[in-house]
Structure formats: structure tokens, C-alpha cells
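Single-letter residue listing:
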Amino acid sequence: MSHKEYQGPAGGWGALKATTTHLLKSQNVAKNISNLLRTNQDHGFDCPGCAWGEKGVPGRFRFCENGAKAVNWEATTRRVGEEFFAQYPVSWLNQQTDYFLEFQGRLAEPVRYNSVTDHYEPISWDDAFKLIATKLKELDSPNQAEFYTSGRASNEAAFLYQLLARCYGTNNFPDCSNMCHEATSVALAKTIGIGKGTVRIEDFEQADAIFLFGQNPGTNHPRMLETLSHATKRGARVVAFNNLKERGLERFANPQHPVELLTYSSTPTTSDYFTPKLGGDMAAVRGMVKLFNERHKKAVAQGSSLFDLEFIAQQTQGMDAYLALVEQTSWEQITEQSGLSYEQIVRAANIYQNAERVIVTWAMGVTQHKHSVATIHELVNLQLLFGQIGKPGAGLCPVRGHSNVQGDRTVGINESPAESFLARFDEVFDISAPREHGHNVVQAMQALCNAQSKVFIGLGGNIVAAVPDTQRVADAMRGAELTVNIATKLNRSHVNPGKESIILPCLGRTDIDMQVAGPQKVTVEDSFSMVHASSGRVDVSGEQMRSEPAIIAGIAKALLGATHPVDWQALVDNYDRIRDLIEAVIPGFENFNGRLDQPGGFYLGNSASDLNWKTASGKALMCADPLPEAITPVTAIERSKAPVFIMQTLRSHDQYNTTVYGYDDRYRGIFGERKIVFMNPQDMDKLNLTEGDLIDVQTLWTDNQKRQITGFKVIPYQIPQGNLAAYFPEANALIPLSSYGDESFTPTSKSIAVLVRLHQQDTQELLVKS
Ligand SMILES: Nc1nc2c(c(=O)[nH]1)N[C@H]1C(S)=C(S)[C@@H](COP(=O)(O)OP(=O)(O)OC[C@H]3O[C@@H](n4cnc5c(=O)[nH]c(N)nc54)[C@H](O)[C@@H]3O)O[C@H]1N2
Ligand SMILES: Nc1nc2c(c(=O)[nH]1)N[C@H]1C(S)=C(S)[C@@H](COP(=O)(O)OP(=O)(O)OC[C@H]3O[C@@H](n4cnc5c(=O)[nH]c(N)nc54)[C@H](O)[C@@H]3O)O[C@H]1N2
Ligand SMILES: [Mo]
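Bear in mind the structure is a predicted one, so any value in this text is a computation, not a measurement.

Let's shift gears to the overall build of the protein. Each helix and strand in the protein was counted, giving 31 helices and 33 strands. Burial analysis of the protein (770 residues in total) assigns 64% to the buried set. Only carbon and sulfur atoms are counted for the fraction: they give 50% of the accessible area of the protein, which is about 27200 Å².

A low pLDDT means the predicted coordinates there should not be read in detail. Summing up the model confidence of the protein, the mean pLDDT is 90 and the portion of residues at 70 or higher is 89%. Confidence drops under a pLDDT of 50 for residues 57-61, and excluding neighbours within four residues, the segment shows 11 contacts in the predicted structure. Counting interchain partners and residues more than four positions distant, the pLDDT-below-50 stretch residues 763-770 has 23 contacts.

Within the structure, ligand 1 sits among 32 residues, and Asn 242, Glu 246, Asp 281, Gln 655 and Asn 657 are positioned closest to it. Within the backbone of Gln 655, a nitrogen or oxygen atom sits 2.7 Å from a nitrogen atom of ligand 1. Here ligand 1 has 920 Å² of accessible area as a free molecule, and 99% of this is covered by the chains. Sorting the residues of the shell around ligand 1 by element identifies α10 (217-220), α19 (364-367), β25 (645-650) and β26 (655-656) as the ones contributing at least two each. Residue composition of the shell around ligand 1, by class: 10 nonpolar, 18 polar and 4 charged.

In the vicinity of ligand 2, 32 residues are found, and the nearest of them are Glu 102, Tyr 148, Ser 150, Glu 548 and Thr 658. One of the side-chain nitrogen or oxygen atoms of Glu 102 is found 2.5 Å away from an oxygen atom of ligand 2. At a separation of 3.2 Å, an oxygen atom of ligand 2 approaches a polar side-chain atom of Lys 750. Within the complex, 96% of the 930 Å² of free accessible area of ligand 2 lies under protein.

Across all of its chains, the model carries 34 aromatic pairs by this definition. Their ring planes at 20° and their centres at 4.7 Å tell us that Tyr 740 and Phe 745 sit as a pair that is stacked. Residue Phe 745 is classed as partly exposed on the basis of its relative accessible area, which comes to 25%. What links up through ring pairs into an aromatic cluster is the set Phe 211, Phe 213, Phe 241, Phe 274, Phe 292, Phe 307, Tyr 352 and Phe 386.

What follows is about the sheet that holds strand β22 (residues 530-534). Sheet architecture is open: 3 strands sit in the order β21-β22-β23, paired in antiparallel fashion. Unpaired on one side and paired on the other, β21 (522-525) and β23 (602-603) mark the two borders of the sheet. Two strands pair when backbone bridges link them, and β21 and β22 are joined in this way by 4 bridges, in the antiparallel orientation. Of the residues in β22, the one forming a bridge with Val 524 is His 532. Here helix α8 (residues 155-168) sits on the sheet in contact with β21 and β22, set at roughly 90° to β21.

Definitions and limits used
Residues numbered from 1 in each chain as written. Chains lettered and ligands numbered in written order. Predicted model: local features only at pLDDT ≥ 70, side-chain atom pairs only at ≥ 80, totals over all residues. Heavy atoms only, no water. Helix = DSSP H or I, 4+ residues; strand = E, 2+ residues; numbered from the N terminus. Buried < 20%, exposed > 50% of the residue type's maximum accessible area, 1.4 Å probe, protein only. Areas by Shrake-Rupley, 256 points an atom, 1.4 Å probe, with all protein chains shown as cover. pLDDT = per-residue confidence, 0-100. Contact = heavy atoms within 4.5 Å. Near = heavy atom within 4 Å. Polar contact = N/O pair within 3.5 Å; in protein donor to acceptor, adjacent residues only side chain to side chain. Nonpolar A, V, L, I, M, F, W, Y, C, P; charged D, E, K, R; others polar. Phe/Tyr/Trp six-rings, centres within 6.5 Å; stacked < 30°, edge-to-face > 60°. Pairing = 2+ DSSP bridges. Axes fitted to C-alpha atoms, helices over the stretch in contact; angles between N-to-C directions.

Set out below in C-alpha cells:
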């Protein structure tokens, strides 16, 4: 229960020690070590940790501390089955922590909720499938069912899942990426004609500067630290824009590099570090472009140019309108909103300008704001002005989260599918796929809250804990006619059951998936559009869990009947056949099965990096978006007499999204707790708070609903004044479901206007001002 500043570099001995602790906790040590040894190797195993890619170097032992945690957490020998559920009523389980629920072990058998006894009870696989089919058939319309996907699902599972839902008749595909990189997909599709990053891992070896926006790789993409420290070692500039001082972005010691460990030296991961205000990145980039524009005009007057005019003329449109808007944007607004000084923006701009090749990366610090799409447009504009797309060592790199979130989208998990995709679908399957666009996460949760939707099916994930307005969504789930969760571990969503509720235990990435044709591999796509195979190592034969494809096919057979044109069982018997269908429907997968034998997998290609712009005009588009008027909702400030803070929610080092592995956040110096709020020391002085004081935080929003978290400990931290940070999912209760990004519908998890008070025992007094 303490906070002390972490002195070591990221990675290093600390990471090795933590890896060992997690190995021991999982009670499956020998197997896990052999798993780790094969993690991310060619023809091997895709780490379920994150979507960072690897260069295929055969024989190299590659893993990271947090990948090790993910593998071990899944490969435990502990089981949650009939006895466990007989022992604990569901309402009791719902009072336990997220850590407690998942720590109990792997879900072992299908169970059905009995609302009379308040216990889950065993049900046979066939009866479970029949019950689901019956409930789905009872609905007035297939659009009353929500088919949620979490990004760990393989291409094969995701493809079958969307086939099932489309054959049934809906495009309701709420997806974890709606809460994650949706703004990226929207902004990139509009500007460069493809919703994916343009760089490959090799590009990082050639970049002269790498600009990182709103990302904490030390915790969330640890293998990226190695890439970054290689870059700084060879003299590239790595520039971080992060609301917090993150240790992993400052220094890194590679736990797989013996010399660095022995001498305890470490490489800087970044050469320059800026801490903008929450939501201030767009203004910061606007400032850089404003400087460049002034310099460019001077250069033109002298007969040269700063911008890449040839690239701009041949490849882009929209520059004039954009630069006119840049000129209109005042320095006052830029510095106020970014929280950076003019001098800092000059420094960042000079690094950019002096680099021949620049990569821009970003993650949740950019995508989870109201103006995220506009912010990404701004990043694209910056790169386009200098021709920094489509050449080696340069480009755009959204760093994805879940290990296959990008692949799931590629294979059809999309609530607003293109007509060309659906037409292909109809032709291949001899069906007629629904045309009406479906629900994203926010729309799906709203529909459940309003009882317009009645069935929720989750292919992985933990929707109740991952979305905003936790309690409201939990209540909505309880009101649903049926909730079905296909999962590996018990979580918050399972202990908020619908009137009928079923948990179906599935195999994970680490398990051997044995089918009629033998052990099966699955495929995933990483952040660099590389598709590769993965197969598990842990023998779970004799147990009741089934693979995700087998479970989806089980539901499909019960729902769609024996005469359906798709032979579901044949697909499950041999996943090569699922891949043949993916090849038939989705461009880029030619000779899918054949190409999986290539070391490191195969590249799906990226039209934008080939300077092929699949936009309406056939050119890359520079959008001219004004800066947001204010980051804090104006109504909130006007109503409040107390100081208004903007809060972000983020991940600790010991968690994977809603999965809490432990209570430490080593690099931020937090040990043994999660109910904390990071605050600037000067703000603490102003509010008369000292470290460790307990506070209550409440949301300011337009609907006057009470949203609060209570009894959180204040921790002084290097964060701009007026900003706060707390952990997800503990702080999700503060985020209104109706607060989401323009065009992206992504909950504003990095931007919530809040008030802070000393903790009051009598929480009744904490009413929202009206
Ligand atoms: N170990 C582990 N790995 C993971 C995950 C995990 O939970 N645990 N989750 C996976 C998933 S699904 C995802 S999406 C990724 C998430 O990876 P990240 O995006 O790194 O995740 P967050 O913890 O949300 O961190 C956001 C970072 O952005 C900064 N930030 C917040 N707001 C702003 C802002 O307005 N401007 C700037 N410049 N910075 C800001 C925060 O200080 C923080 O460092 O990681 C993936 N990998
Ligand atoms: N406040 C706030 N909220 C956020 C975020 C934030 O930064 N702040 N981040 C958002 C982001 S980026 C994301 S991606 C979402 C994540 O939302 P989700 O993807 O829904 O959540 P996870 O925590 O990744 O899901 C964990 C559960 O998945 C199940 N699981 C694990 N492995 C498997 C598997 O192989 N198969 C199956 N079927 N199930 C499996 C386990 O039962 C586990 O309990 O949360 C979002 N919510
Ligand atoms: Mo994510």
C-alpha cells in the first residue's frame, strides 16, 4: 500500500522478477515456461498480449513481461466448474473484485443461470445451443440481438461469428474496437482511403524521427520499447507526447539483453518528452504546422520550399483550405489548449523538420476524446505536407490493442459493412445478407438500456466492465431476455446475468485445439497488417471447453437448421476450410492456407503506402477541422463553482484491460492498490490535499445523473495542472454513455469533466449541482 518513485529503467531486472512471480502464481510453471519459449516464433504461437508485430527472426526467444503475464493467466490449472458455482451465489460473486473473479481459474463447463436459486448450474452443450436458438427465434427482429466481439478472437472465429449473425439477419456487431481505435479507422478511411497504419516494422529501423502520441508502450506494448531503444541508439530522435511522465517512455533496459542487465545500464527510449494537457495533441500539432507554414512561406519567397510541393500536388487535395485555417488559429488558443509553451512547440517542430523520414504513432491518448477523429486528421495532414507516407522509414502507425482487433475487422466484424463486401458474401454463400447497418458499442448499450435489444451474445471480452456507466449497463444486462458469454475466465459481465444467462467456456490461444482433422492453428493480423498462424501448447484434452469456432458452429446448427447452405460442421472439422472461405470473400487473402507457411506470415498490403488512395477523389485528403472550442464541456464549467478537472482513465502495469493480474503499477511507483487518483502537486496544495488523502470524484455532465467514485487515494504525480488520471475499469462509473467521440462513437475515456471533494462518509451529500 505505498507510492514511491520508481528508480530503475523500464524492463530490466524488475521485469524479469515480475515475470517469475507470475509464473509461480499460475501453478503451471513447467508448461508455461515452454509456452513462453515458443511465444511469437515462426509457425509458433501468437502472444495474446498485444498487437505489436515482430520481424521473423527464427530461433530468437521473444516475449515481454506483460505477454508472460497474459500467457500464464490463461494457462492456469485452476478450474471454475459446477462445485464453484454451487458454492457461491451470483449476487455474492458480483460483490467481489475483478481480480477475485478472474483469479478463480478457467471456466470449465457450460452453465445456465437459475434465477430462483441465484446460482449458475451445469447445462449440456446441446441444451445450451437449443436454448440460445429458441430465444433468438422468439425475437420480433434479428436486430434485437447484439453480437459483441472482443479483439482476441482469431480470424477464423470472427469470420464464422459474423457469418452466423448475418445468416441469422443482423449487422449488430458492437466490437471492442468501437471503444479503442475506431477514431483511427474513421479518420484514416476518409483521408488515406484505408483504416489501417501504413508502416511495417522494418520502417522503424530507417526512421530519423519517431513521434509518439498518447501511448504507454512500457506497459501496453513492451516489445515496442526494444524497437524504440534501437532507434535512439542509432541516433534517431524519439519524441513522446504524453499527458503523464511515463517511465517506460524515458528509459528502457532490455530484459533479453544480458549485457545491459549485467551492467544495469539502460537506453533512453525517448530523446524528448512533452506533457500536453488532456486532449491537447491536436492543438500541439496545429502549432507545429503553423510554424512550418510561416517558414514555408518565407522559403517560397526565396525560391525554395519547406513542404513537399511535388508530393502535395500529385497525391493530395485540400491543402489550401487547411493552411488557411491554420493561419486563422491563434497562438493563444494553441498554447492554451495544448498546455505546451511556444518554445516547446518550436523544439518539437525543429526535430520534425530536421528528420528526413518520420513515423507518427498513436494509441488511446489520442483516440478516446470527443475530437479524436479531428486530431488524427491533423496527424495525417502533418505527414502529408512533408510527403511522409509511402516511403521507407516513414508513415502512420496506430498501435492497436488486442492481439487480433485489426484482423477481426478485416474479416467482417463491422456494423456498417460496405455493399461490395455484402454482395460478395451473398454470392459465395448463396444467402442474402442484411443491408441495414447495425449497432456499435454505444448504440448496442443504449438499445439494451431502452429494452429495444433483448439478447446479448459476447464472443470474449467483458462488456459490463469495459463500457461507461457501469451500473446502468449492468442493470440493462439484467433486464435482457438472454445473455450469452463465450469466455475463458469469470468476469463482471457473467455475474450480471440476464433473465436467461449462459456461460460457454472456450479454449484460449495457449490451448491445443484438437478437431477431426487434427490439431488446428488459427490466424491473427498484427498492427502492421501481417497475418500469421498461432497454435496452442497446453493439453486440455478430456476437458469440456470447446473452441470458439466449434461453439459458434454449435449455435449456428441449432439456429439455422440442417438444410442451411453452409456446412458448419465441416468448417469446424478443419479450419483450412474456414480460411478458404475467407479467401473467397475478402480481398488480400489469395492462397491463404499456402502462404501461412512463410516465416513470419504474410503481408496483407496497404493501398495508402503504395500511394494508391482509395478515397472519393482518388487523392489523399487534408481535412480542415477547427480546434475544439474547449476541452471541458462549457455547460459543465458554467454550472460549477468548484474547480473543474479533466480526468483520463488508463491501464496499470498489472492489468490487461478489465483483467486485473495484481495491484502494482511498478513504473508509476504504485504498490498494492488501484483505487487511486493521480494529481498535480500544485493542484493538491490548492485543494489542501496531502498524499494519501481519500477523495470522492463526481462527473459533470448534461443529464444530471449522479456518477461518482468514492474513497480514492490522492497521489502526487507529474501531470499538467487541471488534469487527473485514474485506473480503468474502476473509474468507468464516471463516464457517461452519451459522452462519445464525434463520428467515432468511442466513449471519451480520456476526457471526463469532474469535481473532487474530500471523501465524505455520507455519500448522500454528494449530489451533482443543478
Ligand atoms: N499489459 C497490457 N497490454 C495491453 C493492454 C493492457 O491493458 N495491458 N491493453 C491493450 C489494448 S486493448 C490497448 S487499446 C492498448 C492500449 O495502450 P495505451 O494507449 O498505451 O493505453 P492506456 O493505458 O489507455 O494509455 C494511454 C496513454 O496515453 C496517455 N494519454 C492519455 N490522454 C492523453 C492525451 O490527451 N494526450 C496525450 N498525449 N497522452 C494522453 C496516458 O498518460 C497513457 O500513457 O494496449 C494493449 N496492450
Ligand atoms: N474507462 C476506460 N474504458 C475502456 C478503456 C479505457 O482506456 N478506459 N479501453 C477500452 C479498450 S481500448 C478496449 S479494447 C476495451 C476492452 O474490452 P473487452 O475486450 O471487452 O475486455 P477485456 O478486458 O479485454 O476482456 C477480458 C475477458 O475476455 C475473456 N477472454 C480472454 N481471452 C479469451 C479468449 O481467447 N476467448 C474468449 N472467448 N474470451 C476470452 C475473459 O473471460 C476475460 O474476462 O475496453 C475499453 N474500455
Ligand atoms: Mo483496446
